[in-house]
Amino acid sequence: MSTSSLSESVSRPSGAQKFLPSLGLVLVAGGLFFLGWFSYLWFKPAPLPYTYQLVDEGGVSKYQNLPLQSWPDLKISKYELRIPSVERPIAIAYRAARPNGSSILLNWESLVSEPVGFMGGELAELATIGTDITQHVPKEGLILAWWDISRQLHLLSERETLFKSHLGQPLITPSYWKDRVPVIADYEHQFWGDQGSAEEAQKFQQFIDALSSEPTKGVALLRGLAGSREAYIVVHPTDLYKVGLLRPDRMEIAFKDFPLTGNVHGLANQVKAWMKEYGYDTYTLQSLSEKVVRAYFLNQSKNGKILLAQMLPLMNSTPIEFEALQLVHKHGGYWVYRIPSAHNPS
């Protein structure tokens, strides 16, 4: 009877021993699969939180709620900003275009308290400013304003503006969408198009630098952007918030909405109490509706007085007429200043 030697038992693996390497390969392969899946989930961009949905379009006569009767050739498209899990839209956007012209954002109606997408003034006020510019600004004049206001004024006044493209800055989103900013930015660029050139983007950064600089330097930067042409700059309280997002080192800003109850003194006391509690030293107001007003709070003692803050009405102060920056018009929340050309400083 032959017996298996110790050497034979070692050199000839049993069936179980043959199975172990195969099991190890399976476990390694499974580990690599789960590692790859984890990496995919980790680096995969968060899904887009909203979409624009076209709900209506037509001529100006179809939109009696919009004060655009003076521009009958415009084509209007109405979009709703929709979140899949929310029954109602969170904002309404109106795009406008002339025949054979590019489409621009003309009006944005936010239906939630937190800013999403865009911030601007009342369309009725903007339409009046557009008409006034057409009547009083020479055709060779140049208009400087935030890029979205610039595009709106170019459409309504047919005057040349320094910024003509949808530059998309700042991207205004709730804090809980921070991880979705890249996908939101891509979607916004695809939807609105016309992102502009690198040169235009650089000039816009210089424009922001001007507004966030001390007044003397800021005016010099504006004049440099305008060149030798006669130019006008249009500003609005919402510009404060936008500058604060893009230049937080130059301006500390916050906002809060307050209900309008008809008691002006009561409102003023509420606004000042909030300002004191959170350490701000001045504010300006923007009317959102007949029932709500938004207060923008600034901390000038910390960052100093910037040009834009001098161009808007703040608590206990009114816009100062600079020697080279002259207040020429005001309507609603819009303030218009003239930047004389270098050849005509008076």
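Along each chain, the written sequence defines residue order, and numbers are assigned to residues from 1. A pLDDT threshold of at least 70 governs which residues receive local features in this predicted model, and a stricter bar of 80 or more applies before side-chain atom pairs are shown or counted, although totals over entire chains, interfaces and linings include all residues. Remark: hydrogens and water are excluded; side-chain values derive from all non-hydrogen atoms of the structure.

Undergrad: Just to check I follow, could you spell out the pattern of salt bridges for this structure?
TA: Salt bridges, as used here, are contacts in which a Lys or Arg side-chain nitrogen is within 4 Å of a carboxyl oxygen on Asp or Glu. Scanning all chains against the criterion turns up 12 salt bridges. Arg338 is the partner of Glu230 in a salt bridge, and the nearest nitrogen-oxygen pair spans 3.4 Å. Remark: Arg338 occurs in strand E12 (residues 334-339) and Glu230 occurs in the loop between helix H7 (215-226) and strand E7 (231-235); sequence separation between them is 108 residues. One connected set of salt bridges, linked through shared partners, spans Asp73, Arg98 and Glu158. The numbering of helices and of strands both runs from the N terminus, where a helix is a DSSP run of H or I of at least 4 residues and a strand a run of E of at least 2.

Undergrad: Would you take a moment to explain the layout of surface pockets for this structure?
TA: Taking a probe equal in size to a water molecule and rolling it over the atoms shows the remaining empty space. A pocket here means an open set of points on a 1 Å grid, computed over the protein atoms alone, that has protein on both sides within 12 Å along at least five of seven lines. A cavity is instead a set of points where a 1.4 Å probe fits but cannot get out; residues with an atom within 4 Å of a point line either one. Grid points are joined across faces, edges and corners, and a volume is the space filled by probe spheres set on the points. Of the voids in this model, the largest pocket is the one considered here, and its volume is about 780 Å³. Along the wall of the largest pocket there are 37 residues; nearest its centre are Trp108, Glu109, Ser110, Gly120 and Glu122. With 6 residues, strand E4 (residues 104-110) is the single largest residue contributor to the lining of the largest pocket. Under the scheme applied here, ten amino acids are nonpolar (Ala, Val, Leu, Ile, Met, Phe, Trp, Tyr, Cys and Pro), four are charged (Asp, Glu, Lys and Arg), and all others, including Gly, are polar. Grouping the constituent residues of the lining of the largest pocket by class yields 19 nonpolar, 11 polar and 7 charged. The space that makes up the second largest pocket amounts to roughly 220 Å³. Lining the second largest pocket, in full, are Glu114, Pro115, Pro170, Leu171, Ile172, Thr173, Pro174, Val181, Tyr241, Leu245 and Phe255. Partitioning the lining of the second largest pocket into residue classes produces 9 nonpolar, 1 polar and 1 charged.

Undergrad: Hey, could you run me through the packing of helix H6 (residues 198-211) against H7 in this one?
TA: Helix-helix packing is described using two parameters, namely the angle between the two axes and the distance between the axes. Contact geometry for H6 and H7: axes closest at 8 Å, N-to-C directions at 155°. In terms of orientation, H6 and H7 fall into the roughly antiparallel class. Where H6 crosses over H7, the two elements pack in a sense that is left-handed. Packed against H6, whose contacting residues are Lys203, Gln206, Phe207, Asp209 and Ala210, the element H7 presents Gly218, Leu221, Leu222 and Leu225 at the interface. Residue classes in the contact of H6 with H7 are distributed as 5 nonpolar, 2 polar and 2 charged. Only C-alpha atoms enter the line fits that serve as axes; for helices the fit covers just the stretch in contact. Angles between N-to-C directions range over 0 to 180 degrees. In this scheme, roughly parallel covers angles under 35 degrees and roughly antiparallel covers those over 145, while 65 to 115 is roughly perpendicular and the rest are oblique. With the far helix as reference, a near helix turned anticlockwise by less than a right angle produces a left-handed crossing, and one turned clockwise produces a right-handed crossing. In this analysis, two residues are considered to be in contact whenever any of their non-hydrogen atoms come within 4.5 Å of each other.

Undergrad: Looking at this model, I keep getting lost on helix H8 (residues 238-246). Mind explaining?
TA: Note that an α-helix has 3.6 residues per turn; residues three or four places apart therefore point the same way. Each residue's exposure class comes from its accessible area (1.4 Å probe, protein chains only) as a fraction of the maximum for that residue type: buried when under 20%, exposed when over 50%, partly exposed otherwise. Where burial is concerned, most of H8 is hidden: 7 out of the 9 residues are buried. Inspection of H8 places Thr238, Asp239, Leu240, Tyr241, Lys242, Val243 and Gly244 among the buried residues, and these make up the whole buried set.

Undergrad: Is there a simple way to explain the side chain of Asn107 in this structure?
TA: Inspection of the secondary structure assignment puts Asn107 in strand E4. Given a relative accessible area of 10%, Asn107 falls into the buried group.

Undergrad: I keep staring at the environment of Tyr296 and nothing clicks. Help me out?
TA: Within the fold, Tyr296 resides in strand E10 (residues 292-298). By relative accessible area, which is 0% here, Tyr296 ends up buried. Ignoring sequence-local partners within four residues, the contact set of Tyr296 consists of Met119, Pro237, Thr238, Tyr241, Ile253, Ala254, Phe255, Thr282, Tyr283, Thr284 and Gln286.

Undergrad: How should the nonpolar core be read in this particular structure?
TA: Across soluble globular proteins, you tend to see nonpolar side chains buried next to one another. Residues belong to a common nonpolar core when they are buried Ala, Val, Leu, Ile, Met, Phe, Trp, Tyr or Cys residues joined through side-chain atoms within 4.5 Å. Counting residues in each nonpolar core, the largest one holds 84 residues, and the members touching the most others are Tyr52, Leu68, Ile76, Leu144, Trp146, Phe207 and Ile233. When residues no more than four places from it in sequence are discounted, the contact partners of Trp146 are Gln169, Pro170, Phe204, Phe207, Ile208, Leu211, Asp239, Lys242, Val243 and Leu246. Counting 11 residues, the second largest nonpolar core, distinct from the first, contains Ala254, Phe258, Tyr283 and Phe297.

Undergrad: It is not clear to me how the confidence of the model for the protein should be interpreted in this structure. Could you clarify?
TA: Keep in mind that low pLDDT regions are not for reading the predicted coordinates in detail. Model confidence for the protein is summarised by a mean pLDDT of 85, while 83% of its residues fall at 70 or above. Confidence per residue, as judged by the predictor, is encoded in pLDDT with a range of 0 to 100. Across residues 1-14, where pLDDT falls below 50, the model places 3 contacts with residues more than four positions away in sequence or in other chains. Low pLDDT, under 50, characterises residues 37-43; the predicted model gives this stretch 0 contacts beyond four residues in sequence or across chains.

Undergrad: Sorry, what's going on with the packing of aromatic side chains here?
TA: Pairing of aromatic rings covers Phe, Tyr and the six-membered ring of Trp, with a centre-to-centre limit of 6.5 Å; geometry is then stacked below 30 degrees between planes, edge-to-face above 60, and tilted otherwise. Throughout the structure, instances matching the rule amount to 27 aromatic pairs. Arranged with centres 6.0 Å apart and planes meeting at 85°, the rings of Tyr50 and Tyr52 form a pair that is edge-to-face. We classify Tyr50 as buried; its relative accessible area is 5%. In this structure Tyr52 comes out as buried when scored by relative accessible area, which is 8%.

Undergrad: Hey, could you run me through the sheet that holds E12 in this one?
TA: The pairing of strands in a sheet comes from backbone hydrogen bonds and takes either a parallel or an antiparallel form. For two strands to be treated as a pair, DSSP must find at least two bridges joining them. Across the sheet, which stays open at both edges, the 5 strands sit in the order E6-E5-E7-E12-E11 with mixed pairing between neighbours. Two strands close off the open sheet at either side, each with one partner strand: strand E6 (160-161) and strand E11 (326-331). Taken together, the 2 bridges between strand E5 (residues 142-144) and E6 define a ladder with parallel strand orientation. Within the sheet, the bridge partner assigned to Ile143 lies in E6 and is Thr161. Its contacts with the sheet place helix H3 (residues 123-136) against E5, E7, E11 and E12, and it is angled at close to 135° to E11.

Undergrad: Looking at this model, I keep getting lost on the packing of H3 against helix H4 (residues 147-157). Mind explaining?
TA: Across the interface, H3 lies against H4 with an axial gap of 8 Å and an inter-helix angle of 60°. Of the possible angle classes, the one that applies to H3 and H4 is oblique. The interaxial crossing formed by H3 with H4 has right-handed handedness. Contacts between H3 and H4 pair Leu126, Ala127, Ile129, Gly130, Ile133 and Thr134 from the former with Ile149, Gln152, Leu153, Leu156 and Ser157 from the latter. Counted by class, the contact of H3 with H4 contains 7 nonpolar, 4 polar and no charged residues.

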